[in-house]
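The chain contents come next:
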Amino acid sequence: MEEEARKLLEEGIVKKLISPGKGELSTFPNGTKVVFHYRTSLCDGTVLDDSRTMGGRSKPMELILGKKFKLAAWERVVITMRQGEVAEFNCENKHTSLYPLVSQSLRNISAGKDPLEGQRHCCGIAQIHSHHSLGHNDLDNLQANPQPLLFTIDLLEVLAPGSFQLDVWAMTDEEKFELVPQIHEEGNTLFKQGKITEATEKYYNGIACLKNLQMKEHPGDEVWVKLDHMITPLLLNFCQCKLLQGQYYEVIEHCSALVFKYEDNLKAYYKRAKAHAAVWNEVEARLDFNKVLELDPSLGPSVAKELKAMEDRIRNKEKEEKGRYKGLFNYTEPPATATTG
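I will try to describe carefully the structure that is included in this document. (Residues numbered from 1 in each chain as written. Predicted model: local features only at pLDDT ≥ 70, side-chain atom pairs only at ≥ 80, totals over all residues. Heavy atoms only, no water.)

1. Regarding the packing of aromatic side chains
Enumeration according to the criterion identifies 8 aromatic pairs in this entry. Measuring from centroid to centroid gives 5.6 Å for F36 and W74, while their planes differ by 90°, and the two rings are edge-to-face. One end of the pair, F36, is in strand β2 (residues 33-42); the other, W74, is in helix α2 (residues 72-78), and 38 residues separate them in sequence. Ring centres of W74 and Y99 lie 6.3 Å apart, and the angle between their planes is 65°; on these two criteria the pair is classed as edge-to-face. Taken as a pair, W74 in helix α2 and Y99 in helix α4 (residues 99-110) lie far apart in primary sequence, 25 residues in all. Put simply, the rings of F36, Y38, F69, W74, Y99 and F151 touch in pairs and so form one group of aromatic residues. Geometry around W280 places R313 over its ring, the cationic atom sitting 4.2 Å from the centre. The positively charged end of K317 is found above the aromatic ring belonging to W280, 4.2 Å away from the centroid. (Phe/Tyr/Trp six-rings, centres within 6.5 Å; stacked < 30°, edge-to-face > 60°. Helix = DSSP H or I, 4+ residues; strand = E, 2+ residues; numbered from the N terminus. Lys NZ or Arg CZ within 6 Å of the ring centre and 35° of its normal.)

2. With respect to the pattern of salt bridges
Considering all chains together, one arrives at 20 salt bridges under this definition. In this structure, E62 and K33 form a salt bridge, with 3.0 Å as the shortest nitrogen-oxygen distance. Here K33 lies in strand β2 and E62 lies in strand β4 (residues 61-64), a separation of 29 residues in the sequence. Residues D154 and R52 are paired through a salt bridge, measuring 2.7 Å at the closest nitrogen-oxygen approach. (Salt bridge = Lys/Arg side-chain N within 4 Å of Asp/Glu carboxyl O.)

And the structure:
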């Protein structure tokens, strides 16, 4: 342990043991999965991130060693730890310069956003040396003023290569392609069980998997089109989940993208119509419902039911508004009250 601490110190990292772990120290071969909670702080004690509270939930970090994670310092420090160990690592600037980008991605993930949002038009190093905002004041300040950081790591699990299913991002292209049908089926099963949040995540992962593959192809090429046809049903299922979750504008956005590419996509028009109706876009909803009938007249009864529900909601809303404003124009001044001086 003393020898390892000396090596870290020479590299600009000071380790402070908080709680010892159990068992022998792993050899950590490439492909090992490490699961840990982390807290990142400035040297004055200001906390930047905490995996136990980020995004309002407690979700540990998972790393596959040897995959060239952007923040190399985390891979360097965890291999000095035993499972169950808690330690604090004070890392010099040279180890922390990319942390603002890593933190931005982790915060995006915790908020359910694209982890690369805000990083698509500029490589990591270029961003660090630019005035590009990361969307968080504390990260912008850290980017403009690089400084040492304290990482408090609680190593929860060390999983040997082959003992776990790889996360999508760590898979080869072939593994991703083969996994999508399984993800799709798992999403369908969860949806039928009424587990909408879990199903949404499955569909999202399937879409992300295929999008990652599609980015490597030229738009319009045979492989690109094949992947797009695989993405479409997943995206429609994702939109159905979002409808049930009340995320109507997201449904409108995704379905609009689908009908732009596929003008005869009946399900996209139907889901967009329902989303428009839910946010009081009556004209747009009627146009989409008419398109649904044009594509499949047999859906007349279903469309009629949806239109009646929308019209009832509109009438109820109008009644509520009339009642709310009814007394505003019948105001009479109260009689004067005599007072004594």
